[in-house]
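# Analysis of the macromolecular model
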Amino acid sequence: MLNILVCDDDKDILNQVNTLLTDFGQKTGLDFFIDLKNSAKDVLKSSVNYDIAFIDIEMPEINGLALAEMLNQTNEDIIVIVITSFQSYLDDAMKIHVFRYLSKPIDSERFLRNLKDAVLSYQKISKTILVDSKKEIHVVKTKDILYIENKKYGSIIYTKNNTFKTSKKPKE
């Protein structure tokens, strides 16, 4: 299941994006949790770890680009798509590495193409494997694996933050 955030202070945009996401999920069979928020403060109160975020830039209190940076600090794999009426923010959006920059009013076909790209990209960066150690099973992101040492009776998997010993060989 993908956790998708839609944050915009315009209720019509929230409804349009929600409908597009729901229709896309039904057509593709993908399972989405769609969280609709109308302010950045509401997002920051949430405990959801978002995978993809559609964020308006011009919002009261907290700018959407500032929100995107905060979300990126809690989940470095988040894919942020900016939806805005203001082209003047394009350079600032590129500085924080947003995935796409969509203009309002939303073109449904363009939105769906970019959503498909975002889902495919997220699937690539979030691949995981299960590592069965003696006492526990760990979920490890493949992008975090530095190297795997092949041992006589198993393997040692070295990641950015941990080392896992398993009785499984690398090809298993």
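Residues numbered from 1 in each chain as written. Predicted model: local features only at pLDDT ≥ 70, side-chain atom pairs only at ≥ 80, totals over all residues. Heavy atoms only, no water.

## Structural notes on the sheet that holds strand S4 (residues 79–84)
The test is simple: We treat two strands as partners when DSSP finds at least two bridges between them. To qualify as a helix, a DSSP run of H or I must reach at least 4 residues; to qualify as a strand, a run of E must reach at least 2; elements of each kind are numbered from the N terminus. Only the contacting stretch of a helix is used when fitting its axis, a line to C-alpha atoms as for every element, and angles between N-to-C directions run 0 to 180 degrees. By definition in these notes, contact holds between two residues if any of their heavy atoms fall within 4.5 Å.
Taken together, five strands build an open sheet; the order of strands is S2-S1-S3-S4-S5 and the sheet is parallel. Each of the sheet's edge strands pairs with one partner strand only, and the pair in question is strand S2 (32–37) and strand S5 (100–103). Between one strand and the next, the sheet's axes are offset by a mean angle of 15 degrees, whatever the strand orientation. As paired strands, strand S1 (residues 2–7) and strand S3 (residues 52–56) are joined by four bridges and run parallel to one another. Paired with Val6 across the two strands is Phe54, which belongs to S3. Each of S1, S2, S3 and S4 touches helix H1 (residues 11–28); the most contacted strand, S2, lies at about 180 degrees to it. Its contacts with the sheet put helix H5 (residues 108–125) on S1, S2, S3, S4 and S5, and the angle it makes with S5 is roughly 160 degrees.

## Points about the packing of H1 against H5
In a packed pair of helices, the relevant descriptors are the angle between the two axes and the axis-to-axis distance. Inclusion rule: An angle below 35 degrees is read as roughly parallel, one above 145 as roughly antiparallel, one from 65 to 115 as roughly perpendicular, and any other as oblique. Should the near helix be turned anticlockwise from the far one by less than a right angle, the crossing is termed left-handed; should it be turned clockwise, right-handed. Residue polarity follows a fixed list, in which Ala, Val, Leu, Ile, Met, Phe, Trp, Tyr, Cys and Pro are nonpolar, Asp, Glu, Lys and Arg are charged, and the others, Gly among them, are polar.
Relative orientation of the contacting elements H1 and H5 amounts to 55 degrees, with a least axis distance of 11 Å. One finds that H1 runs oblique with respect to H5. In the packing of H1 onto H5, the handedness of the crossing is right-handed. Packed against H1, whose contacting residues are Gln16, Val17, Leu20, Leu21 and Phe24, the element H5 presents Ser108, Phe111, Leu112, Leu115, Lys116 and Val119 at the interface. A breakdown of the residues in the contact of H1 with H5 according to their chemical character gives eight nonpolar, two polar and one charged.

## Some points on the pairing of strand S7 (residues 137–141)
Sheet topology places strand S6 (residues 128–132) next to S7; five bridges connect them, and they run antiparallel. When the bridges of S7 are listed, Ile129 appears paired with Val140.

## Quick look at the sheet that holds strand S10 (residues 163–166)
With respect to topology, three strands assemble into an open sheet ordered S8-S9-S10, the strand pairing being antiparallel. At either end of the open sheet lies a strand with only one pairing partner, and these are strand S8 (145–151) and S10. Here the average twist between neighbouring strands, direction ignored, is 15 degrees. Summarising the sheet, S8 and strand S9 (residues 154–159) pair through six bridges and their orientation is antiparallel.

## Brief notes about the pattern of salt bridges
This is how the line gets drawn: Whenever a carboxyl oxygen of Asp or Glu lies within 4 Å of a side-chain nitrogen of Lys or Arg, that contact is scored as a salt bridge. The rule is simple: take the accessible area with a 1.4 Å probe, protein chains only, and divide by the maximum for that residue type; under 20% is buried, over 50% is exposed, in between is partly exposed.
As enumerated under the stated definition, the model contains 10 salt bridges in all. Two residues, Lys104 and Asp56, come together in a salt bridge whose shortest N-O distance is 3.4 Å. Remark: Asp56 occurs in strand S3 and Lys104 occurs in the loop between S5 and H5; sequence separation between them is 48 residues. For Lys104, a relative accessible area of 18% gives the class buried. Close ionic contact of Lys160 with Asp144 constitutes a salt bridge, the shortest N to O distance being 3.5 Å. Residue Lys160 is located in the loop between S9 and S10, and its partner Asp144 is located in the loop between S7 and S8; the two are separated by 16 residues in the primary sequence. Here the salt bridges do not stand alone but share partners, grouping Glu76, Asp77, Lys141 and Lys143 into one network.

## What to know about the packing of aromatic side chains
For the record, the criterion: Only the six-membered ring of Trp is used, alongside the rings of Phe and Tyr, when aromatic pairs are assigned; centres must lie within 6.5 Å, and planes under 30 degrees apart are stacked while those over 60 apart are edge-to-face, with the rest tilted. Sitting over a ring, as applied to charges here, requires NZ of Lys or CZ of Arg to be within 6 Å of the ring centre and within 35 degrees of the ring normal.
Going through the model one piece at a time under the given rule, you end up with three aromatic pairs. Judged by centre distance (6.2 Å) and plane angle (5 degrees), the ring pair of Phe24 and Phe32 falls under stacked. An identical accessibility class is assigned to Phe24 and Phe32; each is buried. Ring centres 4.4 Å apart and planes at 25 degrees place the aromatic pair Tyr147 and Tyr158 in the stacked group. Of the two residues, Tyr147 sits in strand S8 while Tyr158 sits in strand S9, which places them 11 residues apart along the sequence. A residue is classified by how much of its surface remains accessible, and Tyr147, at 45% relative accessible area, is partly exposed. Here Arg100 stacks its cationic end above the ring of Phe99, 4.2 Å away from the centre of that ring.

Interpretation in functional terms is not warranted from these geometric data alone.
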